[in-house]
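Listed below, chain by chain, are the residues.
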Amino acid sequence: MPSPGNRRLLEGGARTAACLALGALLWRAWFPAPAGDVALRLAGTGGLPQALARAVRTPVASLDLAVDSLPGASDRAVARAVAAAGTTVRWTLAAPPSVSAAVAEPLAEPSGRVRLVTIGRAEAALTVRDAAGAVDSAKLSTTGVRAGGVVVTSAAARLPALASILPARAGEAIVPTLGALSGERPRRALGGVALTSAARDAVTLERTGNRARIVAARVDAGRVLMLGYDDTWRWRMEGDDSGPSEHRAWWSSLVSSVAYAPPVQLTATPAVDEAPLAALVEAWGPPSDLAADTAPPVSSVAWDRLLFAAFLLALLAEWSSRRLRGAR
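Throughout what follows, the structure given in this document is the object of discussion. (Residues numbered from 1 in each chain as written. Predicted model: local features only at pLDDT ≥ 70, side-chain atom pairs only at ≥ 80, totals over all residues. Heavy atoms only, no water.)

In terms of helices and strands, the protein chain carries seven helices and 13 strands. Looking at the protein chain as a whole, 29% of its 328 residues are labelled buried. Here the protein chain displays about 20400 Å² of accessible surface, and carbon together with sulfur accounts for 59% of that area. (Helix = DSSP H or I, 4+ residues; strand = E, 2+ residues; numbered from the N terminus. Buried < 20%, exposed > 50% of the residue type's maximum accessible area, 1.4 Å probe, protein only. Areas by Shrake-Rupley, 256 points an atom, 1.4 Å probe, with all protein chains shown as cover.)

If you want it as structure tokens, here you go:
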């Protein structure tokens, strides 16, 4: 059991510690730490907008970010402005980004759809959002989705590369009808082939007798039209006076049926973050060696709590010692 002299020494030490803690609290309350001493440490990109909003309102000494998803263009721009104002911005990749580049372009069709081409890790999850929220989601693959339209002539149908998208197969040869170029049905004077073995969802657009000459079908997001006519130039060059205009109108109708172009000019492209990773490096510099598991610095509020706890413990220790030895 400690002697009375030792107890008084311990009580004096506890009293001194309580006074020092109370003095430190009063000093911090009277002379608060500069706001610029604040260091923000984020373990993910989700809290970046709030951290940037704080850095805009009050000075922040440093901002350390472990990037788990690439920040958008607006967040990059704000962080770049904050860095220019004096905040040290450091970042590192917590995980490889799923998408490193994307390009969006409007399609020439009445529905006004947009084609989105992305580059990223295979099988990575991709979510497309707009101002109203999520639009669609998918997994990246190396094959992609085929779209737009194509007109395939009977000669081009022999190419092996086109075999998987053809709506029909080239059949028997068709002998042209002599003298039909100047008649009411000039295309009867054009040779070619009959189209057979049409796909299940194919549509026959034109026949000569009971033999199909033009067949079309939807393939993925596009349309393929197969033509069984050869030497269509003869209609324009050897037909009557209406041949050139009728030939031009006919071909225009074929092309527009697979690749419709609206009469207005497309002047605006959708806003898309085309290369977020490259833009991030350009805006913030290369990633640093910031460790993802580094402990954040002790905040000002945490210091106040520690000092207050030390003050209470020191007072409790002195009071307990005095009561045990019978002193008041």
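Bringing the pattern of salt bridges into the picture now. Evaluation of the coordinates by the stated rule reveals three salt bridges. Here Asp64 makes a salt bridge to Arg90, at a shortest N to O gap of 2.9 Å. Highlighted residues: Asp64 in strand 2 (residues 62-67) and Arg90 in strand 3 (residues 88-93), separated in sequence by 26 residues. (Salt bridge = Lys/Arg side-chain N within 4 Å of Asp/Glu carboxyl O.)

Right, let's talk about the sheet that holds strand 1 (residues 39-42) for a bit. Taken together, the three strands give an open sheet; going across it, the order is 1-2-3, and neighbouring strands pair in parallel fashion. The strands lining the two open edges of the sheet, one partner per strand, are strand 1 and strand 3. On average, each strand axis in the sheet is tilted by 10° relative to the strand beside it, whichever way the strands run. The pairing of strand 1 with strand 2 spans four bridges and is classified as parallel. Bridge assignment links Leu40 to a residue of strand 2, and that residue is Leu63. Lying on the sheet, helix 6 (residues 276-284) is in contact with strand 2 and strand 3; it crosses strand 3 at an angle near 150°. (Pairing = 2+ DSSP bridges. Axes fitted to C-alpha atoms, helices over the stretch in contact; angles between N-to-C directions. Contact = heavy atoms within 4.5 Å.)

Along helix 6, the residues classified as buried are Pro276, Leu280, Ala283 and Trp284. For helix 6, the buried positions fall inside an angular range of 75° around the axis, keeping them on one side. (Arc of directions from axis to C-beta.)

Our next topic: the pairing of strand 12 (residues 211-219). For strand 12, the buried fraction is high: seven of the nine residues fall into the buried class. Where strand 11 (residues 203-208) lies against strand 12, five bridges are found, and the strand directions are antiparallel. Residue pairing in the sheet places Thr204 in a bridge with Val215 of strand 12.

Viewed as axis vectors pointing N to C, helix 2 (residues 48-57) and helix 3 (residues 73-84) meet at an angle of 35°, and their least axial separation amounts to 10 Å. The chirality of how helix 2 crosses helix 3 is left-handed. Side by side, helix 2 and helix 3 meet where Leu48, Pro49, Leu52, Ala55 and Val56 of the first sit next to Asp75, Val78, Ala79 and Val82 of the second. (Left-handed = near helix turned anticlockwise from the far one by under 90°.)

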